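Spelled out from the first residue to the last, the chains are:
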Amino acid sequence: MVMDKHDTIGIDAVAMCVNDIACAGGEPLFFLDYIACGKNYPEKIAAIVGGVAEGCVQSDAALIGGETAEHPGLMPEEDYDLAGFAVGVVDKANIIDGKSIVPGDVVLGLTSSGPHSNGFSLIRKVIEVSGASWEEKIGDKTLADAVMEPTRIYVKPVLSVMEKVEIKGMAHITGGGLLENVPRILPDNTQAVVKAGSWPRPEIFNWLQEKGNIEDHEMYRVFNNGIGMAVIVAADKAEEAMKLFREAGETVYRIGEIEARPEGAPGCVVK
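Residues numbered from 1 in each chain as written. Predicted model: local features only at pLDDT ≥ 70, side-chain atom pairs only at ≥ 80, totals over all residues. Heavy atoms only, no water.

### As for the overall build of the chain
So, point 1. Each helix and strand counted, the chain has nine helices and 11 strands in total.
So, point 2. Computed over C-alpha atoms, the radius of gyration of the chain comes to 19 Å, within 12% of the 18 Å expected from 2.2 N^0.38 for 271 residues, which places it in the range of a compact globule.
So, point 3. Going through the 271 residues of the chain one by one, you find that 49% of them count as buried.
So, point 4. When contacts within the chain are restricted to residue pairs at least 6 apart in sequence, long-range pairs at least 24 apart make up 86% of them.
So, point 5. Here the chain has roughly 12800 Å² of accessible surface; of this, 50% comes from carbon and sulfur atoms.
So, point 6. For the chain, the separation between the mean place of its 24 positive charges and that of its 41 negative charges on side chains is 5 Å. (Helix = DSSP H or I, 4+ residues; strand = E, 2+ residues; numbered from the N terminus. Rg over C-alpha atoms; globule rule 2.2 N^0.38 Å. Buried < 20%, exposed > 50% of the residue type's maximum accessible area, 1.4 Å probe, protein only. Contact = heavy atoms within 4.5 Å. Areas by Shrake-Rupley, 256 points an atom, 1.4 Å probe, with all protein chains shown as cover. Lys, Arg positive; Asp, Glu negative; His and termini not counted. Charge placed at Lys NZ, Arg CZ, Asp CG, Glu CD.)

What follows is the structure, given as structure tokens:
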């Protein structure tokens, strides 16, 4: 509400759903939204729904309906709550569940456009304690634009690459960062070892870490740090997969490998 900008949150809502569907090897079919608000300001609602529609275009999902509920007296007039869900489809034989992942496989990272939809409680706190202005320049963007850049939607490139190369597992890097999202797709006896510095971290994350005096482990636990989707493939397929992702318009890096997991060790470490 601080920036009174409402045309990107709809893209974020769609992205949180369809990127997860893609992680299972699925193709999103349709999306529905629900907006609860204290007062229906038509221009604000139109901006929100416009973002939802744009997210659906980016993911080839149909926006087949939705609901806007006005709650005067229950919610403050300026507040709203946006929710949504998507339905996708995948042949049972093509479901990506991570079961075939073994030591020696390679972890590829598709770059993010910024914090995406996660870590904003910490972002707001850092801005509060640092006294920074939303208009402060972070690289070639203002702070406001850097943190509110819409979530990247990876559906089309992922589905395109899947047709040509076997993807063993994927993790959408949302709340919990690399440390908590990647292990969800790994067999219990494996561990993802991510190499710090193997991709260029967007300046916004450097700024947040410096201004907030945030430890490295906490940065990787809260933020995506520039990697929005982790993709695991066999070592002999890594170069081909990277080439295909680049041809599909993605920026991709080889960020780590799968190793045998020592007893009691976490499922993902950054070294």
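### Observations concerning the packing of aromatic side chains
So, point 1. One pass over the structure, following the stated rule, counts one aromatic pair.
So, point 2. On the numbers, 6.0 Å between centres and 55 degrees between planes, the contact of Phe-205 with Phe-223 is tilted. Taken as a pair, Phe-205 in helix α7 (residues 203–212) and Phe-223 in the loop between α8 (216–222) and β9 (227–233) lie far apart in primary sequence, 18 residues in all. Taken individually, Phe-205 and Phe-223 each receive the classification buried, so the pair is uniform in this respect. (Phe/Tyr/Trp six-rings, centres within 6.5 Å; stacked < 30°, edge-to-face > 60°.)

### Examining the sheet that holds strand β1 (residues 27–37)
So, point 1. With respect to topology, three strands assemble into an open sheet ordered β2-β1-β3, the strand pairing being mixed. What marks the edges here is a single partner per strand, and that holds for β2 (62–70) and β3 (80–89). Mean inter-strand twist for the sheet, computed between neighbouring axes without regard to direction, equals 15 degrees.
So, point 2. Relative to β3, β1 is paired through 10 bridges, and the arrangement is antiparallel. Its bridge partner lying in β3, Leu-32 is registered against Phe-85.
So, point 3. Across the sheet, helix α2 (residues 42–59) touches β1, β2 and β3, and the angle it forms with β1 is around 170 degrees. (Pairing = 2+ DSSP bridges. Axes fitted to C-alpha atoms, helices over the stretch in contact; angles between N-to-C directions.)

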